[in-house]
Amino acid sequence: LPSMQTSSSKLCPCPSFKLRELASVYFTMVAVFLVILMAALQGSAPRGTYFPYKVPLDPQGLLELSWNVSYPEEAVYFQILIRDLRFGILFGMSDWGNFENADMAVLWNDGHGSYFGDAWSDAQGRLHMDSQQDYQFLGTQKAPEGFFLLFRRAFSTCDPKDYLIEDGTVHLIYGILENPVHSLHAINISTIYKGLQRVQLLKPDITVPELPSDVKTMVIKAPNIVIPSQETTYWCYMAELPDGFAKHHIVMYEPVITAGNENLVHHMEVFQCADEFDTFPHYNGICNSKMKAERLNHCRHVLAAWALGAQAFYYPEEAGIAFGGPDSSKYLRLEIHYHNPLVLKERHDSSGIRLYYTASLRRYNAGIMELGLVYTPVMAVPPGEAEFVLTGYCTDKCTQKALPAAGIRIFASQLHTHLAGRKVVTVLSRDGRERQVVNADRHYSPHFQEIRMLKELVAVFPGDELITSCTYNTENRSEVTVGGLGSMEEMCVNYVHYYPQTELELCKSAVDPGYLHRYFNLVNRFNDEEVCTCPQVSVPQQFSSVPWNTFNRDVLKSLYSFAPISMHCNKSSAVRFP
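Presented here is an overview of the structure given in this document. Keep in mind it's a predicted model, so treat the numbers as computed, not measured. (Residues numbered from 1 in each chain as written. Predicted model: local features only at pLDDT ≥ 70, side-chain atom pairs only at ≥ 80, totals over all residues. Heavy atoms only, no water.)

1. Observations concerning the overall build of the chain
Let me state the cut-off plainly: Each helix corresponds to a stretch of at least 4 residues labelled H or I by DSSP, and each strand to a stretch of at least 2 residues labelled E; elements are numbered beginning at the N terminus. Between two residues, a contact is recorded if the distance between any of their heavy atoms is within 4.5 Å. All accessible-area figures derive from a Shrake-Rupley calculation using a 1.4 Å probe, and residue coverage is judged against the displayed protein chains alone.
Looking only at helices and strands, one finds five helices and 35 strands in the chain. For the chain, the share of sequence-separated contacts (at least 6 apart) that also reach a separation of at least 24 residues comes to 76%. As displayed, the chain has an accessible area near 26,200 Å², and 52% of this comes from carbon and sulfur atoms.

Right, here's the structure in full:
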């Protein structure tokens, strides 16, 4: 870069103004030295081992982000590959991927020199240079692949304008400057090529176990389909295990993405079908098509799940997930979510998931347990809500009855809601006190769901409670949102992966229906508009007739907080524990 202006982050507590000035001068000198140093290294790409995580930022593949996490430093190291550098880029983070009230690092060129700085945007999307520079410039490199920009950012800073990097989903934003700009303030965000990408920045720092010597692989993939020329597609493909396939343990899986489609394949899942059916029809098509047989909806046991930005998934060395054998179905369903915002045509795809499995069964079968709320319309969110919380319980009575005396160990978790979900958290409670957060995503997106390894095993013993809360936003809806299977209905689920496997497959709750009926009667007494409480009228119909004034909203919140619950403590056969 011909010239570079930058300063670096400060340690908490925030220094005085004079100290800031001295620090700014010092770090600017360091940055200039780094520019000279990096210029000498031009021509060789940075070593990929330093940046193990990678994701394309934009659909065209013009920008590629790689990063590494230093937990001792509590910082993230970023590397952005710019394949066709024009006059700079914007890169940053915001709560939900908006360019307003965002925290950004900006590289820009005025036609004479290039500059790098930490900036923030206001509620109107105007850019301002941050008085505290916490994106620390580390250098640039030019290579055959393109232009590399390297910088660092601490998880937490003293700056109220900075985004707090924490566990869970992070909404990354980017923009490309195609014309010279004479100053940061001259950048008009509304006119540039821009977008967002979701990732889990803070990957867990865990040891990858060695694969067994007899490991084999199997690829479940789409059979060279043509990706529909529409923005969002869910594609389903049925596969079969070979006849007589014995019981094995899956010990690892990884994505297999068709070259050139890295920007289109958003997430994938492999489900095993229910063993109560002898056969399942073959299918290769759009998941919500009327041509898809209803029976395929009984393929819901997750074997593998991958989302953009995720690495290979390893099971703990003492456990594996079982598939095959006489007690399980040989039918599998692959589901791929294609995100095609540019509506590209005639793109062929054979992406899928590669399973690594072994006949040498490990000590424990891994299991998957559903926590949260039952899929029922008795749990509802009024329209126009910014943050409405619903909570599901796995009670102490259920775990006392269903778990072994030595307990279970949760090692991974997949959070799930439909389109209104914004936050999900599961906590472990013991003896009436919250002891541990199992998994939390305070910037959850229903468009980014993956199985995430936990940073440490969570031990759950008989008598413990697992409490899952989901926060919803229905500000853009005019009708009530009830619980259910439909995409415009809602769910609140945490699929926890654990060992050893038990008979307990579903541990969820909902409000007692009798108390909900009392709510409808109460609404009738205190409102001019009559709400039908006839037994023959469905719960969704009763909810749709409620006038959503402040009183009715507050009473519903209280009902969900204090009313008795209906508990579902179910075995895999759907039979409840006594």
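2. Structural notes on the nonpolar core
This is how it is decided: To define a nonpolar core, start from buried Ala, Val, Leu, Ile, Met, Phe, Trp, Tyr and Cys residues and group those joined through side-chain atoms within 4.5 Å. Relative accessibility under 20% of the residue-type maximum defines a buried residue, over 50% an exposed one, and the middle range a partly exposed one, all with a 1.4 Å probe and only protein chains included.
By size, the foremost hydrophobic cluster in this structure holds 88 residues, and its most contacted members are Leu65, Trp67, Phe151, Leu172, Leu201 and Phe323. Setting aside residues no more than four positions away along its own chain, Phe151 makes contact with Val76, Tyr77, Phe78, Ile80, Phe91, Ala105, Phe116, Tyr135, Gln136, Phe137 and Leu138. Cys470, Tyr519, Val523 and Val546 belong to the second-largest nonpolar core, a separate cluster that totals 31 residues.

3. A few points about the pattern of salt bridges
Two side chains carrying opposite charge are able to pair once their charged atoms lie near each other. Here is the rule: Salt bridges are defined by distance alone: a side-chain nitrogen of Lys or Arg within 4 Å of a carboxyl oxygen of Asp or Glu.
Tallied over the entire structure, the rule returns 19 salt bridges. Ionic pairing is found between Glu240 and Lys330, a salt bridge with its closest N-O pair at 3.3 Å. Linking Glu240 in strand S14 (residues 232–240) with Lys330 in the loop between strand S20 (319–323) and strand S21 (331–339), this pair joins segments that are 90 residues apart in sequence. Notably, a salt bridge pairs Lys330 with Asp243, separated by 2.7 Å at the nearest N-O pair.

4. Comments concerning the state of the cysteines
As used in these notes, a disulfide is a covalent bond between sulfur atoms, one from each of two cysteines. Heads up, the rule is: Disulfides are defined in this document as cysteine sulfur pairs within 2.5 Å.
For the coordinates displayed, the defined rule picks out five disulfides. With a sulfur-sulfur separation of 2.0 Å, Cys398 is cross-linked through a disulfide to Cys569. Handedness of the Cys398-Cys569 disulfide follows from its S-S torsion of about 85°: it is right-handed. Taken together, the residues span a long stretch of sequence, with Cys398 in helix H2 (residues 396–402) and Cys569 in strand S35 (residues 565–571) at a distance of 171 residues. Residues Cys398 and Cys569 agree in their burial class; the two are buried.

5. Description of the sheet that holds strand S7 (residues 127–129)
Heads up, the rule is: Should DSSP find at least two bridges between two strands, the strands are taken to pair. Axis definition: a line fitted to C-alpha atoms, over the contacting stretch in the case of helices. Angles run 0 to 180 degrees between N-to-C directions.
With antiparallel pairing, the six strands of this open sheet are ordered in space as S7-S6-S5-S4-S10-S11. Here the strands that pair on one side only, and so sit at the sheet edges, are S7 and strand S11 (193–199). Direction aside, the axes of adjacent strands within the sheet are offset by 30° on average. Direction of pairing for strand S6 (residues 114–121) relative to S7: antiparallel, over a ladder of three bridges. Counted as the bridge partner of Ser121 is Leu127 from S7.

6. Side note on helix H5 (residues 550–562)
Threshold: Here a helix's expected span is defined as the number of its residues, less one, multiplied by 1.5 Å. Directions drawn from the helix axis to the C-beta atoms are what define this arc. Pairing of N or O atoms within 3.5 Å defines a polar contact, subject to two protein rules: one partner must be a possible hydrogen donor and the other a possible acceptor, and residues neighboring in sequence count only if both atoms are side-chain atoms.
Here H5 spans 18 Å end to end across 13 residues, near enough to the 18 Å set by a 1.5 Å rise per residue. Within H5, burial applies to Asn552, Arg553, Val555, Leu556, Leu559 and Tyr560. In an axial view of H5, the angular spread of the buried residues amounts to 165°, which keeps them on one side of the axis. The outward face of H5, more than 90 degrees from its buried face, is lined by the exposed residues Thr550 and Phe562. Contacts from the buried residues of H5 go to strand S25 (380–381), strand S26 (388–394), strand S34 (504–511), helix H3 (513–526) and helix H4 (539–544). Looking at where H5 begins, the residue whose side-chain oxygen comes 3.2 Å from the main-chain nitrogen of Phe551 is Asn549.

7. Brief notes about the sheet that holds strand S3 (residues 75–82)
Overall, antiparallel pairing links the five strands, which are arranged S1-S2-S3-S9-S8 in an open sheet. The sheet is open, and its two borders are formed by strand S1 (53–56) and strand S8 (135–143), each paired with just one other strand. Within the sheet, the average angular offset between the axes of one strand and its neighbour, ignoring direction, is 20°. Relative to strand S9 (residues 146–154), S3 is paired through eight bridges, and the arrangement is antiparallel. Each bridged residue has a counterpart across the sheet, and for Ile82 the counterpart in S9 is Phe147.

8. Things to note about the layout of surface pockets
Note the threshold: Cavities and pockets were defined on a 1 Å grid built from protein atoms only: a cavity is a group of points that admits a 1.4 Å probe but offers it no way out, a pocket is an open group of points flanked by protein on both sides within 12 Å along at least five of seven lines, and a lining residue is one with an atom within 4 Å of any such point. Grid points are joined across faces, edges and corners, and a volume is the space filled by probe spheres set on the points. Following the grouping adopted for this structure description, the nonpolar residues are Ala, Val, Leu, Ile, Met, Phe, Trp, Tyr, Cys and Pro, the charged ones are Asp, Glu, Lys and Arg, and the polar ones are all others, Gly among them.
In this structure, the second largest pocket spans a volume of roughly 720 Å³. Forming the boundary of the second largest pocket are 36 residues, of which Pro204, Ile206, Val208, Ala312 and Met453 lie nearest the centre. Of all the elements in the fold, those that place two or more residues in the lining of the second largest pocket are strand S2 (63–70), strand S15 (248–256), strand S18 (301–307), strand S19 (313–314) and strand S30 (452–460). In terms of residues, the lining of the second largest pocket owes the most to one element, S30, which gives six residues. Residue composition of the lining of the second largest pocket, by class: 24 nonpolar, five polar and seven charged.

9. Concerning unusual backbone geometry
Pro500 follows Tyr499 through a cis peptide bond whose omega is -10°. The topology assignment puts Pro500 in the loop between strand S33 (493–499) and S34. Located in the positive-phi region is Glu74, a residue other than glycine, with phi close to 55°. Summarising the element assignment, Glu74 is placed in the loop between S2 and S3.

10. Remarks on the packing of aromatic side chains
Heads up, the rule is: Only Phe, Tyr and Trp rings are paired, with Trp represented by its six-membered ring, and only when their centres lie within 6.5 Å; those with planes under 30 degrees apart are stacked, over 60 edge-to-face, the remainder tilted. Definition used: whenever NZ (Lys) or CZ (Arg) falls within 6 Å of the ring centre and also within 35 degrees of the ring normal, the charge is taken to sit over that ring.
This structure, assessed with the given rule, holds 23 aromatic pairs. Seen in terms of ring centroids, Phe313 and Tyr315 are 5.2 Å apart; in terms of plane orientation they differ by 80°. Their pairing is edge-to-face. A ring pair is formed by Phe323 and Tyr357, whose centres lie 5.7 Å apart and whose planes are at 80°; its orientation type is edge-to-face. Residue Phe323 is located in strand S20, and its partner Tyr357 is located in strand S23 (residues 352–358); the two are separated by 34 residues in the primary sequence. Across this residue pair, the class does not change: Phe323 and Tyr357 are buried. Taken together, the aromatic side chains of Phe78, Phe91, Phe116, Tyr135, Phe137 and Phe151 make up a single cluster linked through ring pairs. Just above the ring of Tyr515 sits the side chain of Arg518; from NZ or CZ to the centre is 4.4 Å.

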